[in-house]
Amino acid sequence: MTEKNLTMLTDFYEFTMAHGYFEKGMANRRAYFDMFFRRVPDGGGYAIMAGVEQLIDYFKNLHFTEDDIAYLRGRHCFSEAFLDYLRHFKFECDVWAVPEGTPVFPGEPLVTVAGPMIQAQFVETMVLLTINHQTLIATKASRITRAARGRTVLEFGSRRAQGYDGAIYGARAAYIGGCQGTACVLADRDYKIPAGGTMAHSWVQMFDSEYEAFKAYADIYPDNCIFLVDTYNVLKSGVPNAIRVAREMVAEKGIRPKGIRLDSGDIAYLSIEARKMLDEAGFPDMQIMASNSLDEYLVRELLVQGAQIDSFGIGERLITSKSEPVFGGVYKLAAVENEEGEIVPKIKVSENVEKITTPHFKQVYRLIDNKSGKALGDVLTVYDEEIDPSLPYVLFDPIHTWKQKIVSDFTVRPLRVQLFKAGECVYESPDINEIRSYCLSELDTLWEQIKRFENPQTYYVDLSLKLWNCKNELLSACRI
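Read on for a plain summary of the structure. (Residues numbered from 1 in each chain as written. Predicted model: local features only at pLDDT ≥ 70, side-chain atom pairs only at ≥ 80, totals over all residues. Heavy atoms only, no water.)

With that settled, consider the pairing of strand β3 (residues 94-97). Going residue by residue along β3, you find D94 and W96 tucked away on one face and V95 and A97 tucked away on the opposite face as well. Sheet topology note: the β3/strand β5 (residues 111-116) ladder contains 4 bridges and is antiparallel. Bridge pairing in β5 links A97 to V111. Relative to strand β19 (residues 417-421), β3 is paired through 3 bridges, and the arrangement is antiparallel. Note on β19: the bridge partner recorded for V95 is F420. (Buried < 20%, exposed > 50% of the residue type's maximum accessible area, 1.4 Å probe, protein only. Helix = DSSP H or I, 4+ residues; strand = E, 2+ residues; numbered from the N terminus. Pairing = 2+ DSSP bridges.)

A separate point is helix α1 (residues 12-23). Taking 1.5 Å of rise per residue, the 12 residues of α1 would be expected to cover 16 Å, and the 17 Å separating its terminal C-alpha atoms lies within 8% of that figure. The set of residues buried in α1 consists of E14, F15, A18, H19 and Y21. Buried residues of α1 fall within an arc of 160° about the axis and therefore sit on the same side. Turning to α1, the residues buried within the fold contact α3 (66-74), α4 (80-87), α5 (117-122) and α6 (124-147). Of the residues flanking the end of α1, it is G25, one or two places downstream, whose phi is positive at about 75°. (Expected span 1.5 Å × (residues − 1). Arc of directions from axis to C-beta. Contact = heavy atoms within 4.5 Å.)

Before going further, it helps to spend a moment on empty space enclosed by the protein. It is a probe the size of a water molecule, rolled over the atoms, that shows where empty space is left. Within this structure, the stated rule accounts for 2 cavities of 30 Å³ or more. If you go around the largest cavity, the residues you meet are K215, A218, D219, V245, E248, M249, E252 and K253. Looking at the lining of the largest cavity, the elements with two or more residues in it are α10 (210-220) and α11 (234-253). If one sorts the elements of the lining of the largest cavity by residue count, α11 sits on top with 5 residues. By residue class, the composition of the lining of the largest cavity is 3 nonpolar, no polar and 5 charged. Reported here for the second largest cavity is a volume of approximately 30 Å³. Taken together, P41, D42, L136, T139, K140, R143 and S321 make up the full set of residues lining the second largest cavity. (1 Å grid on protein atoms, 1.4 Å probe; cavity = no way out; pocket = protein on both sides within 12 Å on 5 of 7 lines; lining within 4 Å. Points joined across faces, edges and corners; volume = space filled by probe spheres on them. Nonpolar A, V, L, I, M, F, W, Y, C, P; charged D, E, K, R; others polar.)

Within the structure shown, the criterion is met by 31 salt bridges. E296 is the partner of R143 in a salt bridge, and the nearest nitrogen-oxygen pair spans 2.7 Å. In this pair, R143 is assigned in helix α6 and E296 in helix α13 (residues 296-304), connecting sequence segments 153 residues apart. The salt bridge partner of D219 is K253, with a shortest N-O separation of 3.9 Å. Taken together, the residues D219 in helix α10 and K253 in helix α11 connect sequence positions 34 residues apart. Look at D219 and you get partly exposed, because its relative accessible area is 41%. Take K253: its relative accessible area is 39%, and that puts it in the partly exposed class. Ionic contacts of the salt-bridge type, sharing partners, join the residues D42, K140, R143 and E296 into one network. (Salt bridge = Lys/Arg side-chain N within 4 Å of Asp/Glu carboxyl O.)

Further remarks concern the nonpolar core. F59, V111, F227, I260 and F312 are the most contacted members of the largest nonpolar core, which totals 130 residues. Looking at this core element by element, the count peaks at 10 residues for α6. If we ignore the near neighbours within four places in the chain, the residues touching I260 are I226, F227, V229, V239, A242, A274, L278, M286, Q287, I288 and M289. Listed in part, the 9 residues of the second largest apolar core include L367, I387, Y393 and V412. (Core = buried A, V, L, I, M, F, W, Y, C linked by side-chain atoms within 4.5 Å.)

Further remarks concern the packing of helix α2 (residues 52-60) against α6. Look at α2 against α6: their axes get within 9 Å of each other, and the N-to-C directions meet at 160°. Between α2 and α6, the crossing angle belongs to the class labelled roughly antiparallel. Classified by chirality, the crossing of α6 by α2 is right-handed. Here α2 contributes V52, Q54, L55, Y58 and F59 to the contact with α6, which in turn contributes M126, V127, T130, I131 and Q134. When grouped by side-chain class, the residues that make up the contact of α2 with α6 number 7 nonpolar, 3 polar and no charged. (Axes fitted to C-alpha atoms, helices over the stretch in contact; angles between N-to-C directions. Parallel < 35°, antiparallel > 145°, perpendicular 65-115°, else oblique. Left-handed = near helix turned anticlockwise from the far one by under 90°.)

Taken together, the 4 bridges between strand β6 (residues 152-155) and strand β11 (residues 311-314) define a ladder with parallel strand orientation. In the sheet register, L154 faces β11, and the bridge partner there is G313. Summarising the sheet, β6 and strand β7 (residues 181-182) pair through 2 bridges and their orientation is parallel. Bridge pairing links L154 to G181 in β7. With helix α7 (residues 164-177) bridging β6 and the parallel β7, this β-α-β connection has right-handed handedness. (Right-handed = clockwise from strand over helix to strand, strands pointing away.)

To continue, consider the packing of aromatic side chains. In the structure shown here, the tally under the stated rule is 29 aromatic pairs. Look at W203 and F207: their rings are 5.0 Å apart centre to centre, the planes differ by 50°, and that puts the pair in the tilted class. Given a relative accessible area of 25%, W203 falls into the partly exposed group. Judged by its relative accessible area of 25%, F207 is partly exposed. Counting every residue linked through ring pairs, the aromatic cluster contains F12, F15, F22, F64, F78, F82, Y85, F89 and F122. A cation over a ring is seen here: R146 above F453, with NZ or CZ 5.0 Å from the ring centre. (Phe/Tyr/Trp six-rings, centres within 6.5 Å; stacked < 30°, edge-to-face > 60°. Lys NZ or Arg CZ within 6 Å of the ring centre and 35° of its normal.)

Have a look at this one:
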């Protein structure tokens, strides 16, 4: 896609703080910021990381134009020295992130930005905007595709997305999360996500009869024939006309149509009756697709009711994550460096325990059981700690510390990769299909109890003893 300069897509307070740091001589003081989230949407047990490729593009293209400088000068609150700093701005931060497609959990840093204070603070809005949106949609897509129990799920939500970027990047995230394709042509062109589609009700209405509409479409697209059968009456008109045209296709061209689509009515009942009609007519291979404001709960209920559906087209409830449209990731200062280059941990304290941050520059590890191949849990450590897999390791709940588990015979996997080193990109984003396949394989490392839709088993993100002590020492120092 054509690169867009999104440098000015930021909150104004990031400029006021940057100017303040500059004026107080703190512009180049090294700071460490973490992006993390506190709660999984929809009461789920996990989220799916997405948006890293677009975040990389943003960091690569950070620069201020003369028009940007002129605009800021016109606000009459920034010094000329600061504006000149922006004019010669060059991104110099180190950045680490969890790879796209990875199941992630509350409290663990998905992205860490470390570098000059002005720069690390300034990128907050775009880090949150990019990761929050795509992670939200990828997570919703994962839930829906799991509810479909192996049936094809296509993303159909472009026209209901919040803006064109929401449609394009939403389609990308949905594909990462498990959807097999999209209706969005631009997502196909730019991200190689398979796009498809056949007809709308307007096609059927344009002809003098439903039969003529189906016949015309079959003449033009014999190899991609899915008839939309609910324009008038599904069982008395739509399915009979689809069968009539199907028979003519077989007789005239030796081609069998692919199926029908239901977009309204009692889809469970209609699909069952339509399946009977198609089978009795000699077309058991014609598939039935369902659309119309579906989500994971409706998909699951349809299948429980015995609906005869082979694939689903999911629109607004996926592309907007309608049931919970905010991911809620935050971006918080975790540490700074003093004049001697020592890392000084920082903590944010709140009366709400959930909002107390975990300080320090951290590493994130995932422990995998060697026998089952399942994840035992994630551990946050201080940046210079390593976990020795040859020794038993004590996992303990960082809040309810008496809850402990000793694990052994496990593999330790660092969860994050470095994206940028001193402002230079050192990471190449995988192909979208690689990301999607990786996502599906990583989901297999989670126990089924964690993937439940209601009341999932908690997946623990624990702290190392060293990090836990650091956090508690800072909390003790904050007591009044």
